[in-house]
Structure formats: structure tokens, C-alpha cells
Amino acid sequence: MQRSIYPSFRSVLADNEIVRVAGANHALGGLLAQEAGFQAVWSSSLEVSASRALPDASILSMTEYLEAAANIQKALRIPVVADCDTGYGGNLNVAHMVHEFEAAGITAICVEDKLFPKMNSFVAGGQTLLGTKEFTDKIRIAKAAQATKEMFVIARTEALISGLDVDAALERCRAYADAGADAVLVHSKVKTRDQVVGFLEGWDFRCPVVIVPTTYPDWHIDEIQQAGVSVVIYANQGLRATVSALRETYRSVYETGDSTAVEDSIASVQDVFALQRLEAWQKLDV
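Residues numbered from 1 in each chain as written. Predicted model: local features only at pLDDT ≥ 70, side-chain atom pairs only at ≥ 80, totals over all residues. Heavy atoms only, no water.

Trainee: When you look at the packing of helix α2 (residues 27-36) against helix α4 (residues 62-75) in this model, what are you seeing that I'm missing?
Mentor: When two helices pack together, their arrangement is given by the angle between the helix axes and the distance between those axes. Relative orientation of the contacting elements α2 and α4 amounts to 45°, with a least axis distance of 8 Å. It follows from the interaxial angle that α2 and α4 lie oblique. Between α2 and α4 lies a crossing of right-handed hand. Residues A27, G30 and L31 of α2 pack against N71, I72 and A75 of α4. (Axes fitted to C-alpha atoms, helices over the stretch in contact; angles between N-to-C directions. Helix = DSSP H or I, 4+ residues; strand = E, 2+ residues; numbered from the N terminus. Parallel < 35°, antiparallel > 145°, perpendicular 65-115°, else oblique. Left-handed = near helix turned anticlockwise from the far one by under 90°. Contact = heavy atoms within 4.5 Å.)

Trainee: When you look at the environment of S265 in this model, what are you seeing that I'm missing?
Mentor: For S265, the location among the structural elements is in the loop between α11 (260-263) and α12 (269-275). Taking relative accessible area as the criterion, S265 reaches 62% and is therefore assigned exposed. A sequence separation of 16 residues divides S265 from T249, and the C-alpha atoms of the two residues are 9.3 Å apart. (Buried < 20%, exposed > 50% of the residue type's maximum accessible area, 1.4 Å probe, protein only.)

Trainee: Would you mind going over a nonpolar patch on the surface with me for this structure?
Mentor: A contiguous nonpolar surface patch, about 240 Å² in accessible area, is contributed by V269, V272 and F273. By the element assignment, F273 lies in helix α12. The exposure class of F273 is partly exposed, given its relative accessible area of 31%. (Patch = residues over 30% accessible without salt bridge, like charges linked within 9 Å, V, L, I, M, F, W, Y side chains within 5 Å. Areas by Shrake-Rupley, 256 points an atom, 1.4 Å probe, with all protein chains shown as cover. Salt bridge = Lys/Arg side-chain N within 4 Å of Asp/Glu carboxyl O.)

Trainee: What is the right way to read the pairing of strand β6 (residues 183-186) from this model?
Mentor: The two faces of the sheet receive side chains in turn, since in a regular strand these alternate between them. Residues A183 and L185 of β6 are buried on one face, and the alternating residues V184 and V186, pointing to the opposite face, are buried as well. Taken together, the 4 bridges between strand β5 (residues 152-157) and β6 define a ladder with parallel strand orientation. Residue T157 lies in a different strand from β6, and its bridge partner there is V186. A crossover connection joins β5 to the parallel β6 through helix α7 (residues 166-178); in handedness this β-α-β unit is right-handed. Bridging between β6 and strand β7 (residues 209-211) involves 3 bridges; their strand directions are parallel. When the sheet's bridge partners are listed, V184 is paired in β7 with V209. As for the winding sense of the linkage, the β-α-β connection from β6 through helix α8 (residues 194-202) to β7 is right-handed. (Pairing = 2+ DSSP bridges. Right-handed = clockwise from strand over helix to strand, strands pointing away.)

As C-alpha cells, then:
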């Protein structure tokens, strides 16, 4: 079995009061997140799907998501957290998923409690939840399937996304923690932090809490830590920045007829070479 030569997500969490994670869909994005100081990278199903110009709706296969996560991890000195949607099917699919991601050197996975096939959380409708018992079975199977103590399983509840209240999210997450989840992720799409704060106020911290502040971006990291959160995932800001930058760059080059206007604002070719570790590779070919 392939083992990562770099710290596992579990060890990174143990060594940091709060872990900041950036979303990416390829190794270059992961490298830039690492360069910025993030302690881990989220191999985002939204970003991986978007990189193929496809909806985040369980269209790609587990193998395609695994390849993306593994390619990111190979390039980094920090761990990848793989967004594994609903586990790619039923209980046996979950066990297979754990085997494959762990063998590829991934030390953390996240599974959510929606029905397969899933739809992205920010799409209106289509957010039907799996029953609590059925999802706790998935968590137990995921934990039983892991081959090492390093594998870290995050149980994500979409209770708030589906329109249920904070009490329902708490009830589900308590059950997931009791089933063996190493952390719980509570997700909300309202434009304030109120639901998540309410969850944290009712949580007994039997395991760490992960949040994804996409729709409430003004919550500062210091305040998030004070509220008791252990992991913050900035899941799609890199993708959205890439869309804006590419759109503006391509538009400028096409409309002006040359690339002079953008040259001062884009990376140099030498910068790209450095990210590729070209000099180190050239030294091998002597």
C-alpha cells in the first residue's frame, strides 16, 4: 500500500489550533494553496466537476475524483482532504472508496448524508437526505474499511441545506460521531453565520467541527476559532477566481489584438517553471 511521506491530516489537526483548507481541482492549484500557507487542500467535487465543464451532480465516477485527489496529493507536502460526495453509492461502494483513496495516499475523506446521486448544495431543490441510521451505517463501514489509523473520516450533514433546523443537524451529527466519525461538517447556505453558530452552541464537541463559510464569508478566522471550529474549508474561491481571471485575460487579448495589456498582471513563464520544479528535473537528465 502506498503511504504518504508527508504529515497525515490527523497529525496536522493535532498540531494546529485551527486548520485552514483551500479548495483545488488540480496539482497546480494545490501547490499555490500550499504556497499561501494553507495547512491542507480540499479536493473539491464542485471544482473537479467544473474543470470538466460538468455539473456537480454525481456525473463523474469515483475513479475520476480519485485521480484528481491523488494527483494533487503527489505534488504537495500537506495533506489532501477528498470530497467524496455520498460515497459513490451504497455501503459496499463506501468500503471500496476507502480502500482506494487510502491506497492512493489520501489521509482524509468527507462523506455527506444526501442520497446518491447528489446535487450540489447550492442548487435549489434536489436535497433529499439519507436516513440517519442508513448514514451511520456508512460511517461505520468507512471506519471498518480503513487499513491504517491515519485515515480521517469526516461526516457531513446537509440537514440545514435541506431545510431542517439546527436541532435536526445536531441530532444527526451526534449520531455520526457516535458511529465513529472523526469529525462532523455542518453546512449552511444562508447568508449569515447564525445557523452554524447555533449548531456550535448546542454541540458537545464529542468530535471536531468542520465548516465551509461560502455564503457567510465575513466570518474572520479568529472569531471562527473562538467559536470552537477546528477546520475551515474555503471550498471554491480558487475556482471562482480562476474563472474571473481567465475570462478577463482572454477577453483582453482577443479584443486588443495582443497581450501587452495583461503581461504585467499575469505570472511569468519563469514563475511557471519554478512551480514545475523544472531546474530539479533538469538536474536528473545529466
